[in-house]
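Geometric and topological summary
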Amino acid sequence: MVARSRIQARLDDHIAQLVQCRRCPRMQSTPVSGGAVLSDVMLIGQAPGPREPVLQRPFAHTAGKTLFRWFEESCGLSESTVRSTIYFAAVCRCFPGKTSGGDDRIPAPDEIRNCSSWMNDEIKILRPQLIIPVGRLAIAQFIDCTKLEEVIGHKFRAERAQHSFDLIPLPHPSGASPWHKVLPGKKLLKSALNLIARHPAIRALRAERQLARRTQRSQ
Ligand code: SF4
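Residues numbered from 1 in each chain as written. Predicted model: local features only at pLDDT ≥ 70, side-chain atom pairs only at ≥ 80, totals over all residues.

**As for the site of the ligand**
In the neighbourhood of the ligand, the contacting residues comprise Cys 21, Arg 22, Arg 23, Cys 24, Met 27, Pro 31, Cys 92, Arg 93, Cys 94, Glu 111, Asn 114 and Cys 115. Its residues assigned to classes, the shell around the ligand shows seven nonpolar, one polar and four charged. (Near = placed C-beta within 6 Å. Nonpolar A, V, L, I, M, F, W, Y, C, P; charged D, E, K, R; others polar.)

**A look at unusual backbone geometry**
Omega for the bond connecting Leu 183 with Pro 184 falls within 30 degrees of zero, at 5 degrees, which places this linkage in the cis form. Tracing the backbone through its elements, the reader meets Pro 184 in the loop between β5 (163-167) and α7 (185-198). With phi around 55 degrees, Gln 56 is a residue other than glycine that occupies positive phi space. With respect to the helices and strands, the residue Gln 56 is situated in the loop between α2 (51-55) and α3 (62-75). Given 14 C-beta atoms within 10 Å, Gln 56 falls into the partly exposed group. (Helix = DSSP H or I, 4+ residues; strand = E, 2+ residues; numbered from the N terminus. Buried ≥ 20, exposed ≤ 12 C-beta atoms within 10 Å, placed from the backbone.)

**Some thoughts on α7**
Residues lying three or four places apart along an α-helix face the same way, a consequence of the helix completing one turn every 3.6 residues. Compared with the 20 Å implied by 1.5 Å per residue over 14 residues, the 20 Å span of α7 between its first and last C-alpha is a close match. Buried within α7 are the following residues: Leu 188, Leu 189, Ala 192, Leu 195 and Ile 196. Considered in projection along α7, the buried side chains sweep an arc of 120 degrees and stay on one side of the axis. Those residues of α7 that are exposed and angled more than 90 degrees off the buried face are Lys 186, Lys 187 and Arg 198. (Expected span 1.5 Å × (residues − 1). Arc of directions from axis to C-beta.)

**What about the sheet that holds strand β1 (residues 41-45)?**
Taken in spatial order, the five strands line up as β2-β1-β3-β5-β4 in an open sheet, and their pairing is mixed. The open sheet has two edge strands with one neighbour each: β2 (87-90) and β4 (156-160). This sheet shows a mean twist of 35 degrees between the axes of neighbouring strands, independent of strand direction. Summarising the sheet, β1 and strand β3 (residues 130-133) pair through four bridges and their orientation is parallel. Its bridge partner being in β3, Val 41 is matched across the sheet by Leu 130. On top of the sheet, helix α5 (residues 109-126) reaches β1, β2, β4 and β5; it is set at about 155 degrees to β2, its chief contact. (Pairing = 2+ DSSP bridges. Axes fitted to C-alpha atoms, helices over the stretch in contact; angles between N-to-C directions. Contact = placed C-beta atoms within 7 Å.)

**Thoughts on the nonpolar core**
Val 41, Ile 44 and Ile 132 are the most contacted members of the largest nonpolar core, which totals 51 residues. Ile 44 has contacts with Ala 89, Ala 90, Val 91, Ile 131, Ile 132, Pro 133, Val 134 and Ala 138, leaving out every residue within four places of it along the chain. (Core = buried A, V, L, I, M, F, W, Y, C linked by C-beta atoms within 7 Å.)

**A closer look at the packing of α3 against α7**
Running from N to C, α3 and α7 point in directions that differ by 65 degrees, and their axes come no closer than 9 Å. The hand of the α3/α7 crossing is right-handed. Taken together, the residues of α7 that come into contact with α3 (itself represented by Trp 70, Ser 74 and Cys 75) are Leu 193, Asn 194, Ile 196 and Ala 197. For the contact of α3 with α7, the per-class residue count stands at five nonpolar, two polar and no charged. (Left-handed = near helix turned anticlockwise from the far one by under 90°.)

Everything listed here is a matter of geometry and, on its own, says nothing about what the molecule does.
Shown next as structure tokens:
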């Protein structure tokens, strides 16, 4: 219990510093954090869109709706449960702004480098059993991702920040890409979600939630 509260204090301190970060002058918002959730599971997004900084939470808009539906359907975890039991990180924590064509700008290599220390520190603090990178840019921070078809639906053993963990990549849930809606993406997404649902860290999280609910009902 003491160890847990020490880790929580380190994570609280980490988030307090993260939200003050202003390393990247081209970013168009301040950092977005999902909060200091102590977890064995980390979910890594790419970068917030324009709405996340306003709503002050990651995956707050349409892509989030799809992502949370995937978790509900495959793992039986509601959005509020996912948000309160999984640690949300991202390749970059600030909104990069729009391109001249009106799309969200992909973070530049220097911005990704700047932000990588936050993710490394989170891995050192949480020492997660499972990391779920969402989308090509997030996946590429851990393994080669030339083709989504070669990585979605598979579990990998990866290492970062002197810690090894299971890695189960997901495609980006954005409506802009049809990849996960048509074959073979549709089938591979299903396999990836099944792998996540069966992973011991997710099963433990679900069991804890059920126990908490039963305890609440009996009081
Ligand atoms: S993208 Fe990351 S490193 Fe850059 S200012 Fe935002 S939090 Fe800091």
